[in-house]
Amino acid sequence: MIILERNGLVLLAERANTGYSDGMLNLPSGKVDADEDVISAAIRETREEVGVEVHREAVRIAHVMHYRNPEGEVRVGWFLAASEWNGEPYNAEPHKCAGVNWYPLNDLPENTQPYNEAGISRYLKGEPFSVVGW
């Protein structure tokens, strides 16, 4: 997942029609394909979901989280960040997303997906790694 930040704001998308966390806000994100590294996957997902092109050299590691949600699902999340990209973000997947908007990094809405909120808050604290939900 990638934290697109500008002027103290972060871009979040409202999930819709996916069956997972619909109505919640999340960062552009997705799974890594077999032929991709984590940075390439984040760049691709960002282009697919919000229509902007992030260059590899603009991406930095923000936080890595080993996470277990309340249902017991386990994942390792790579939170990457970029403050430069080409294009203006828009809802490029209206069949999966109700819209995109900018929100204050330090005051995320209550409907931010908890996993995303945890990664963003630890990034803001300068924590490179965390274990959450264990």
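This structure is a prediction, so every number in the text was calculated from the model and none was measured. (Residues numbered from 1 in each chain as written. Predicted model: local features only at pLDDT ≥ 70, side-chain atom pairs only at ≥ 80, totals over all residues. Heavy atoms only, no water.)

### With respect to the overall build of the protein chain
Regarding its fold elements, the protein chain presents 2 helices and 7 strands. Counting from the amino terminus, the protein chain carries its helices and strands in the arrangement β-β-β-α-β-β-β-α-β. For 134 residues, the compact-globule estimate of 2.2 N^0.38 gives 14 Å, and the protein chain sits close to it at 14 Å. Along the first, second and third principal axes, the C-alpha set of the protein chain runs to 40 × 35 × 30 Å. For the protein chain, the residues scored as buried account for 42% of the 134 residues in total. Within the protein chain, residue pairs in contact and separated by at least 24 positions form 65% of the contacts whose partners lie at least 6 positions apart. Summing over all exposed atoms, the protein chain offers an accessible surface of approximately 7,100 Å²; the carbon and sulfur share of this is 49%. Charged side chains of the protein chain number 12 positive and 21 negative; the gap between the two group centres comes to 4 Å. (Helix = DSSP H or I, 4+ residues; strand = E, 2+ residues; numbered from the N terminus. Rg over C-alpha atoms; globule rule 2.2 N^0.38 Å. Buried < 20%, exposed > 50% of the residue type's maximum accessible area, 1.4 Å probe, protein only. Contact = heavy atoms within 4.5 Å. Areas by Shrake-Rupley, 256 points an atom, 1.4 Å probe, with all protein chains shown as cover. Lys, Arg positive; Asp, Glu negative; His and termini not counted. Charge placed at Lys NZ, Arg CZ, Asp CG, Glu CD.)

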